[in-house]
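# Residue-level structure breakdown
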Protein chains: 2
Amino acid sequence: MVVVSLENVSGGSLNEAKIHDQVYEALSEALIQGKIPPLKPVSLRTLAHNLGVSPMPVREAVRRLIAEKALELQPSNKRLRVPDLTEKRLMQLMTARQWVEPELARLATPHVTKDVIKRLREDDAAVMTALGKGDVAAYMQANQDFHFSIYRLADADLFYDMARTLWLQVGPFMRVVFGRMGTVHLPKDHHQDMIRALETGDAGTVKTSMAADIHEGMELMLDAIKAHVAPEPKRRRRG
Amino acid sequence: MVVVSLENVSGGSLNEAKIHDQVYEALSEALIQGKIPPLKPVSLRTLAHNLGVSPMPVREAVRRLIAEKALELQPSNKRLRVPDLTEKRLMQLMTARQWVEPELARLATPHVTKDVIKRLREDDAAVMTALGKGDVAAYMQANQDFHFSIYRLADADLFYDMARTLWLQVGPFMRVVFGRMGTVHLPKDHHQDMIRALETGDAGTVKTSMAADIHEGMELMLDAIKAHVAPEPKRRRRG
DNA sequence: AGCCCAATTTTGTGATCACACTTCAGCGAT
DNA sequence: ATCGCTGAAGTGTGATCACAAAATTGGGCT
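Every chain is numbered on its own, with residues counted from 1 as its sequence reads. The lettering of chains begins at A and the numbering of ligands begins at 1, in the order of writing. Confidence filtering applies because this is a predicted model: local features only for residues at pLDDT of at least 70, side-chain atom pairs given and counted only at 80 or more, and all residues used for totals across whole chains, interfaces and linings. For the side-chain quantities, the full set of heavy atoms in the structure was used; hydrogens and water were omitted.

This part is about the side chain of Gln33 of chain A. As for its position among the elements, Gln33 of chain A is in the loop between α1 (19-32) and β1 (41-42). Sequence-distant contacts of Gln33 of chain A, defined by excluding residues within four places in its chain, comprise Ala137, Met140, Gln141, Gln144 and Arg175 of chain A. Secondary structure counts use DSSP, requiring at least four H or I residues in a row for a helix and at least two E residues in a row for a strand, with both numbered from the N terminus. We call two residues in contact whenever any of their non-hydrogen atoms come within 4.5 Å of each other.

Below, the structure written as structure tokens:
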């Protein structure tokens, strides 16, 4: 099954975006959504074939994703794959998210408008619906929409890109964890508090509730990775 | 004058590192050292020619650097260049450095050995020597060595890479600022305090003195960018 | 059956060519 | 001299080919 395509990327209208940018968008979206599991090998030619483009732009997109550590290519081995997460690395990702994302939320607060609140309520509703149905894929999409609808307002390019890079690295693993334990135990509702604080312009509360939201989600993943250390490499042992 | 070469990269002797990795190392080193000024246009073919390689591996290295925002290619215009720094962006870089680097220093503390202390004293001595001679290039090299000798010990890949990316973005501009105002006003000596704290294993003091060191350096740059908003685009240089 | 080695396929990497587009140098007219 | 145009040179992008090395397969062995 092909999890990545060019069609659903940015109905970029009059856009003459480069092919490698479109490929990048398609791949990174798939990664954030967790549609490509950790340790899954991918290949330039296969991706290129699935996307209907030559291997060239795929190489550039992949090189970019490798730089962002959303993909890796094993050292001696020359295979390209989605990196696995060690507990050590996950803790660093958690810390970094706690640095960046609450700050983004704080910076976003002054720029909130009625339209934004409306949009956030829709996103949050979608999150709740997905949780109710136990639809992990829909949950991840809606949750991403909710967070980045806020971050986008912060007018802080560097922080925004940092957040996106962190999500790229967490995405594949998050999907596995939530898929394994179901959506039942997912972080309870900090979103409502956050929306209220955004409405009243209470930047402090926005920041702390964002921190709490992230903390709970990542804590779940930490527990999961501690319990289930090696996500079993699939088949074929080493001789 | 050619500011980037492959020879001084990792006397890699038995190393069979990919060419694009060597090119990346050469370019990023030049950028961190500030050897390529902001807004300076570079081109794939020129770099390839100077490095004695084909444009292909340069493309991959450059794509990586663009992902790290150490290079940019102007939107409509398709030229590749070193990005300029706005005040807004510099403040984000400063904040991010304050997040990552003091934490790296704290994490490094338990792993300090006598050899490390020796190395740090040498690096610090080189810093002082460079300051004495007003040699900006030597200062930047020695200062980088000092900081990353510490960061390397932290055993925190993600944070380490984040720090490196931040230095990549700050490097070109730092060179310009310090070159303009001379090395006289450079941050006074937090290095000594830091080394002492590292010796005694006082992680708290290590962290705070690292924060102070970074704060002062970046504060200088903030002042500089506020005073000298547009670093004059510089017309036509011929080599 | 289980295991090992050889041949085949597939992988990423690098080089080269083609193309559309921008920039720049040079010349002519005002 | 200044302005405006035009041809040449240079730009990043994409496609295709060549190649060494790793992964995979398949057959032959114990």
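On to the relation of the copies chain B and chain A. The fit set for superposing copies consists of C-alpha atoms from residues with pLDDT of at least 70 in both; the fit itself is least squares. For the match of chain B to chain A, the screw axis carries a shift of 0.1 Å, the RMSD comes to 0.1 Å, and the turn is 180°. Here the symmetry operator amounts to a two-fold rotation axis. In terms of C-alpha distance to the rotation axis, chain B has Arg64 of chain B as its closest residue, with the C-alpha 2.7 Å off the axis. Of the residues that chain B buries at the interface, 100% are likewise interface residues in chain A, meaning the two copies contact each other through the same surface.

Contact residues are listed per partner, giving 26 residues for chain B and 26 residues for chain A. Two parts lose some accessible area (1.4 Å probe) when they are put together, and adding that loss for both gives the buried area. Contact between chain B and chain A buries roughly 2,500 Å² in total, counting both sides, with carbon and sulfur atoms accounting for 63%. The largest contributions to the chain B side of the interface with chain A come from Arg63, Trp99 and Leu158 of chain B, which together make up 29% of the buried area. Put simply, a salt bridge is a Lys or Arg side-chain nitrogen that is within 4 Å of an Asp or Glu carboxyl oxygen. Seen at the junction of chain B and chain A, the total is eight salt bridges. Two residues, Lys88 of chain A and Asp155 of chain B, come together in a salt bridge whose shortest N-O distance is 2.6 Å. Any pair of N or O atoms that falls within 3.5 Å is considered a polar contact. Within protein, one atom must be able to donate a hydrogen and the other to accept it, and sequence-neighbouring residues count only if both atoms are side-chain atoms. For the interface between chain B and chain A, the tally reads 11 residue pairs in polar contact (both at pLDDT 80 or more).

With that settled, the discussion passes to the protein's contact with DNA strand D. In the neighbourhood of DNA strand D, 21 residues make up the surrounding shell, with Ile19, Ser54 and Asn77 of chain A together with Arg45 and Arg63 of chain B lying closest. In the environment of DNA strand D, a phosphate oxygen lies 2.5 Å from a nitrogen or oxygen atom belonging to the backbone of Ile19 of chain A. Separating a phosphate oxygen of DNA strand D from a backbone N or O atom of Leu44 of chain B is a distance of 3.0 Å. Counting only elements with at least two residues in the surface near DNA strand D, the list comes to α1 and α3 (55-67) of chain A together with α2 (44-51) and α3 (55-67) of chain B. In terms of residue count, α2 of chain B provides more of the surface near DNA strand D than any other element does, three residues in total. A class-by-class count of the residues in the surface near DNA strand D yields seven nonpolar, six polar and eight charged. The criterion for a residue being near a molecule or strand is simple. One of its heavy atoms has to lie within 4 Å of it. Throughout, the ten residues Ala, Val, Leu, Ile, Met, Phe, Trp, Tyr, Cys and Pro are labelled nonpolar, Asp, Glu, Lys and Arg are labelled charged, and all others, Gly among them, are labelled polar.

Where empty space is left in the structure can be found by rolling a water-sized probe over the atoms. All names here are of chain B. Every definition here rests on a 1 Å grid over the protein atoms only: cavities are sets of points where a 1.4 Å probe fits but cannot get out, pockets are open sets enclosed by protein on both sides within 12 Å along at least five of seven lines, and lining residues have some atom within 4 Å of a point. Grid points are joined across faces, edges and corners, and a volume is the space filled by probe spheres set on the points. This structure, assessed with the given rule, holds five cavities of 30 Å³ or more. By volume, the largest cavity amounts to about 120 Å³. Lining the largest cavity are 12 residues, with Arg97, Tyr139, Asn143, Met174 and Gly217 sitting closest to its centre. Among the elements that make up the lining of the largest cavity, the one with the highest residue count is helix α9 (residues 203-227) (four residues). Classifying every residue of the lining of the largest cavity by side-chain character gives seven nonpolar, three polar and two charged.

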